[in-house]
Amino acid sequence: MSVLPLVFTSGWASGINAYAVVLLLGLFGATGLTDEVPVSLQRTDVLVIAGVLFVCEAVADKIPYVDSAWDAAHTVIRPVAGAVVAALLAGDSGSLPQLAAGAVGGSTALLSHLVKAGTRMAVNTSPEPFSNIGVSVAEDFGVAGIIVFAVFHPVAAAVIAGVLLLLGLATVLFLASRIRRFLRRRARGRVVSGTP
């Protein structure tokens, strides 16, 4: 499938900010910069809704703990959006390639969403809000950059998205093991000092 690199990249980006993906792809299609975007993503109502939801996400994503609640609510939304965008990009309604594209887009979105949610939980342990805002802005620019790049260079963008996904998974596993060790040491310290 020649559209597979774009499907993978849009899935990765959807796991971080699905509304930005829909908005950017729709705008690229509506302005004629690419023929890869289906007409359904270019509709005015879809673009308006995606734009409003993107603004909501941009605000919620920069507030500590609100971002984690937002991520929890989007554990289903982002993978579904990734699957739908991927299936639409593949075309041919009901075909096996379209179903395969949906599976690739949805599973990639789920993995990148889990990376985002796990990383943001770790960032929320910081007492100041600036790291949260910095990570959110980096995610916003990362999604925009990779989608723009994918429209013009889909294979290279898919490689970058794949590397970012692997690095993100490794980071979350590293952070999870460090947090578990910290909690175990903390619990042992409480038992030794005699505090409940």
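Above: the structure in question.
Residues numbered from 1 in each chain as written. Predicted model: local features only at pLDDT ≥ 70, side-chain atom pairs only at ≥ 80, totals over all residues. Heavy atoms only, no water.

### A few points about the pattern of salt bridges
The cut-off we apply is this: Salt bridges, as used here, are contacts in which a Lys or Arg side-chain nitrogen is within 4 Å of a carboxyl oxygen on Asp or Glu. Note on conventions: DSSP H or I runs of at least 4 residues are helices, E runs of at least 2 residues are strands, and numbering of each starts at the N terminus. The buried label goes to any residue with under 20% of its type's maximum accessible area, the exposed label to any with over 50%, and the partly exposed label to all in between, with areas taken from a 1.4 Å probe on protein chains only.
This model, assessed by the stated rule, comprises ten salt bridges. Among the salt bridges present, the one from Lys116 reaches Glu57, with a minimum N-O distance of 3.8 Å. On the criterion of sequence distance, the pair formed by Lys116 in helix H5 (residues 96-123) and Glu57 in helix H3 (residues 44-60) is long-range, its members being 59 residues apart. A residue is classified by how much of its surface remains accessible, and Glu57, at 1% relative accessible area, is buried.

### Section: a nonpolar patch on the surface
Filter applied, for reference: Within this analysis, patches are made of residues with over 30% relative accessible area and no salt bridge. Like charges are joined at 9 Å or less; nonpolar side chains (Val, Leu, Ile, Met, Phe, Trp, Tyr) at 5 Å or less. Surface accessibility follows the Shrake-Rupley procedure with a 1.4 Å probe radius. Residue values consider only the protein chains on display as shielding.
Among the surface-exposed residues, Phe149, Val155, Val159, Ile160, Val163, Leu164 and Leu167 lie close enough to one another that they form a single nonpolar patch of about 580 Å² accessible area. Broken down by element, the nonpolar patch gets its largest block of residues, six residues, from helix H7 (residues 154-193). Positionally, Leu164 belongs in helix H7. Since its relative accessible area comes to 38%, Leu164 is described here as partly exposed.

### Digging into the packing of aromatic side chains
Applied cut-off: Pairs were defined over the aromatic rings of Phe, Tyr and Trp, the Trp ring being its six-membered one, requiring ring centres within 6.5 Å. Orientation was assigned from the angle between planes: stacked under 30 degrees, edge-to-face over 60, tilted for the rest.
Inspection of the entire model under this criterion finds one aromatic pair. Taken together, a centroid distance of 6.1 Å and an interplanar angle of 90 degrees make the contact between Phe28 and Phe152 edge-to-face. Highlighted residues: Phe28 in helix H1 (residues 4-30) and Phe152 in helix H6 (residues 130-152), separated in sequence by 124 residues. By relative accessible area, Phe28 is classed as buried at 11%.

### Focus: the environment of Thr125
The residue Thr125 is located in the loop between H5 and H6 in this model. By relative accessible area, which is 63% here, Thr125 ends up exposed. In sequence terms Thr125 and Val76 are 49 residues apart; their C-alpha atoms lie 24 Å from each other.

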